[in-house]
Amino acid sequence: MTDALPEKGVPGEQILAELRELRAGDLPTHGGRLFAYVYDPALDGLDELAHAAHATSAHVNGLDPTAFPSLLAMENALVAAAARLLGGGPATVGSVTSGGTESLILAVKAARDARPDIRSPRLVVPASAHAAFAKAAHYLRVELDVVPLSGLRADPRATAAAITADTVLIAASAPSYAHGVVDPIPEIAAIAAEHGVRFHVDACFGGWILPYLRRLGPDLPVGDLPGAAVPGVAVPGRDLPDFDLSVPGVTSISVDLHKYAYAPKGVSILLHASEELRRPQYFAHADWPGYTMINPVISSTRSGGPIAAAYATLRSIGDTGYLALAAKTRESVTVLAAAVEATEGVRLYAPTETTVVCLASDGVDLFVLADELAARGWHTQPQMAHADHPPTIHLTVTAAVHATAASFAPDLAEAVAAARARGPIQLPPLPPLTPESVTPELIASLAEGLGLGAGDFTQMATVNTILNAAPPALREALLTGFLSLLQRPTPVTR
Ligand SMILES: Cc1ncc(COP(=O)(O)O)c(C=O)c1O
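Because the structure is a prediction, the values reported are computed rather than measured. (Residues numbered from 1 in each chain as written. Predicted model: local features only at pLDDT ≥ 70, side-chain atom pairs only at ≥ 80, totals over all residues. Heavy atoms only, no water.)

**Brief notes about the overall build of the chain**
In step 1: Secondary structure assignment for the chain yields 15 helices and 13 strands.
In step 2: Its C-alpha atoms give the chain a radius of gyration of 23 Å, near enough to 23 Å, the size a compact globule of 494 residues would have.
In step 3: Going through the 494 residues of the chain one by one, you find that 50% of them count as buried.
In step 4: Long-range contacts, defined as pairs at least 24 residues apart, comprise 74% of the intrachain contacts of the chain with a sequence gap of at least 6.
In step 5: Accessible surface for the chain amounts to roughly 23100 Å². Of this, 57% is attributable to carbon and sulfur atoms.
In step 6: For the chain, the centre of its 33 positive side-chain charges and the centre of its 49 negative side-chain charges are spaced 4 Å apart. (Helix = DSSP H or I, 4+ residues; strand = E, 2+ residues; numbered from the N terminus. Rg over C-alpha atoms; globule rule 2.2 N^0.38 Å. Buried < 20%, exposed > 50% of the residue type's maximum accessible area, 1.4 Å probe, protein only. Contact = heavy atoms within 4.5 Å. Areas by Shrake-Rupley, 256 points an atom, 1.4 Å probe, with all protein chains shown as cover. Lys, Arg positive; Asp, Glu negative; His and termini not counted. Charge placed at Lys NZ, Arg CZ, Asp CG, Glu CD.)

**Re the site of the ligand**
In step 1: If you check the shell around the ligand, you find 13 residues, and the closest are Gly100, Thr101, Asp202, His258 and Lys259.
In step 2: Between the ligand and Thr101 there is a distance of 2.6 Å, counted from an oxygen atom to a side-chain nitrogen or oxygen.
In step 3: Its free accessible area being 390 Å², the ligand has 83% of it covered by the protein chains.
In step 4: Here the shell around the ligand gets 3 residues from one element, more than from any other, and that element is helix 4 (residues 100-113). (Near = heavy atom within 4 Å. Polar contact = N/O pair within 3.5 Å; in protein donor to acceptor, adjacent residues only side chain to side chain.)

**Describing the pairing of strand 11 (residues 356-361)**
In step 1: Within strand 11, 5 of the 6 residues are buried, which leaves it mostly tucked inside the rest of the structure.
In step 2: Pairing analysis gives 3 bridges linking strand 10 (residues 346-348) to strand 11, with the strands arranged antiparallel. In the sheet register, Arg347 faces strand 11, and the bridge partner there is Ala360.
In step 3: Bridge analysis of strand 11 against strand 13 (residues 392-396) gives 5 bridges, and the strand direction is antiparallel. In the sheet register, Leu359 faces strand 13, and the bridge partner there is Ile393. (Pairing = 2+ DSSP bridges.)

**Side note on the environment of Pro428**
In step 1: Within the secondary structure layout, Pro428 lies in the loop between helix 12 (408-422) and helix 13 (440-449).
In step 2: In this structure Pro428 comes out as partly exposed when scored by relative accessible area, which is 34%.
In step 3: As a C-alpha pair, Pro428 and Thr462 span 34 residues in sequence and 8.7 Å in three-dimensional space.

**Points about the pattern of salt bridges**
In step 1: Within the structure shown, the criterion is met by 16 salt bridges.
In step 2: Note that Arg214 and Asp242 form a salt bridge whose closest N and O atoms lie 2.8 Å from each other. With Arg214 in helix 8 (residues 210-215) and Asp242 in the loop between helix 8 and strand 6 (252-256), this residue pair connects regions lying 28 residues apart in the sequence.
In step 3: Residue classification places Arg214 among the partly exposed residues on the basis of a relative accessible area of 29%.
In step 4: In the salt-bridge network here, residues are joined through shared partners; they are Glu372, Arg376, Glu414 and Arg422. (Salt bridge = Lys/Arg side-chain N within 4 Å of Asp/Glu carboxyl O.)

**Let's talk about the sheet that holds strand 5 (residues 198-202)**
In step 1: Spatially, the 7 strands line up as an open sheet ordered 1-7-6-5-4-2-3, and their pairing is mixed. Of all strands in the sheet, those bounded by a partner on one side alone are strand 1 (93-97) and strand 3 (143-147). Direction aside, the axes of adjacent strands within the sheet are offset by 20° on average.
In step 2: Note: strand 5 against strand 6, 3 bridges, orientation parallel. Bridging across to strand 6, Asp202 finds its partner in Ser254.
In step 3: Those strands touched by helix 5 (residues 131-140) are strand 2 (122-126), strand 3, strand 4 (167-173) and strand 5, and its axis lies near 155° from that of strand 3. (Axes fitted to C-alpha atoms, helices over the stretch in contact; angles between N-to-C directions.)

**Comments concerning the packing of helix 11 (residues 366-375) against helix 14 (residues 461-469)**
In step 1: Two elements in contact, helix 11 and helix 14, have axes separated by 8 Å at closest approach and are oriented at 150°. As summarised for this structure, helix 11 and helix 14 are arranged roughly antiparallel, according to the angle between their axes. Once helix 11 is placed against helix 14, the crossing between them reads as right-handed. Contacts from Phe367, Val368 and Asp371 of helix 11 reach helix 14 at Ala461, Asn464, Thr465 and Asn468.
In step 2: Grouping the constituent residues of the contact of helix 11 with helix 14 by class yields 3 nonpolar, 3 polar and 1 charged. (Parallel < 35°, antiparallel > 145°, perpendicular 65-115°, else oblique. Left-handed = near helix turned anticlockwise from the far one by under 90°. Nonpolar A, V, L, I, M, F, W, Y, C, P; charged D, E, K, R; others polar.)

**Concerning unusual backbone geometry**
In step 1: Put simply, Ala174 and Pro175 share a cis peptide bond, and its omega is -5°.
In step 2: Within the secondary structure, Pro175 is located in the loop between strand 4 and helix 7 (185-195).
In step 3: Positive phi values are uncommon outside glycine, yet Tyr262 reaches one of about 65°.
In step 4: Structurally, the position occupied by Tyr262 is in the loop between strand 6 and strand 7 (268-272).

Everything listed here is a matter of geometry and, on its own, says nothing about what the molecule does.
Dropping the structure here:
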């Protein structure tokens, strides 16, 4: 392993070679075969541009816009673009944050701090809301009221029933991450407005592509991909409800530029319908001997790198570019969905109304299938059973998948056949586990026994089967313990 602080500095070429070697062990961020974590438009030259833009501003500090007006100008331009795309009006304001989680934490903070009169503030979310809301509630000591879904979507009536005098914020998704479906935003917005409660739309995931999917219109073009228009497979973007700031009652909305705006990691936008709504988002502190700290977001010192890279990405792709990327993505979704529909042993679990293909089992072990797909170069995201939902496999589809989508069907068929031949996972005998019984020693021996000790994460079916059987609190304890086991300082011998 390399030493981050060698006795003597190391030549740049050697360092870059080391980095390339380290990166070779990662999943491929480009190439349309990784269906989570990364968003790839497959546009020639875009990476180089974004990297160069990042370099211009990497050392610029967003802490003080009067010192670095370049960043303020770029942030205001990004916020304006997001507001234009997402139904904002002349009163709309916003902030650039480091990611979706930060945008959501700040939406909750703004709502909480707008109501200092409420001693025990509460946040109402559908069961499908992103985990970042639970994190926000945890960090900010806001009570979380999780409302059961109607099918895969937020239930407006149940949402209304969950509102109390202490509710400071209601949230819903456009779309949800797990299933890629859009909640009934206009109905929930009307309820929120009626109760005088703020309503945040979490469009972190799909907010940059939904407007373009809608603009594409209802009919799929006759694409060059086989199976591009398949009966029974929903066309992404068709029949979506209104979901943005143009809906009366929506008070804030978040959209991640490092997702479907295809910017490098580290940029999201949080928009508020008015300056007054944004005001409690700020933190200000003058009561110390140093500079007066005024922060719109969680970080104080902030690199300008990601902001400049996002600015360059948006300007390079442009409005018509995003429309073209949405068209490719839409076609890719339908091709993948058609492959699922055509393959015995799996089925679509959610309608493909946005950019997610979510599949469930029809007689095959899904965790074995995920490993078999990975063995064929398709890296998917297994999702554990939750409440009434069975385990599923999630595919986030981006424009880069257009180049690979046609080869998915034969590989899926092969992977299903291989998973069938292997049969379902038979769990090894395990000690009875509770969250309290999870110690570092237990984690270390489990990791060793499951073959994770050497850092090989290609055969995950047994691990996933154990996690799937574990109640959420136990799953959290096991995975926290495992991450903590991984996150140990590198031993250095000099
Ligand atoms: C709907 C939704 N909200 C919030 C987030 C959190 O975003 P981030 O990982 O950038 O913090 C995600 C991430 O996938 C998401 O899909």
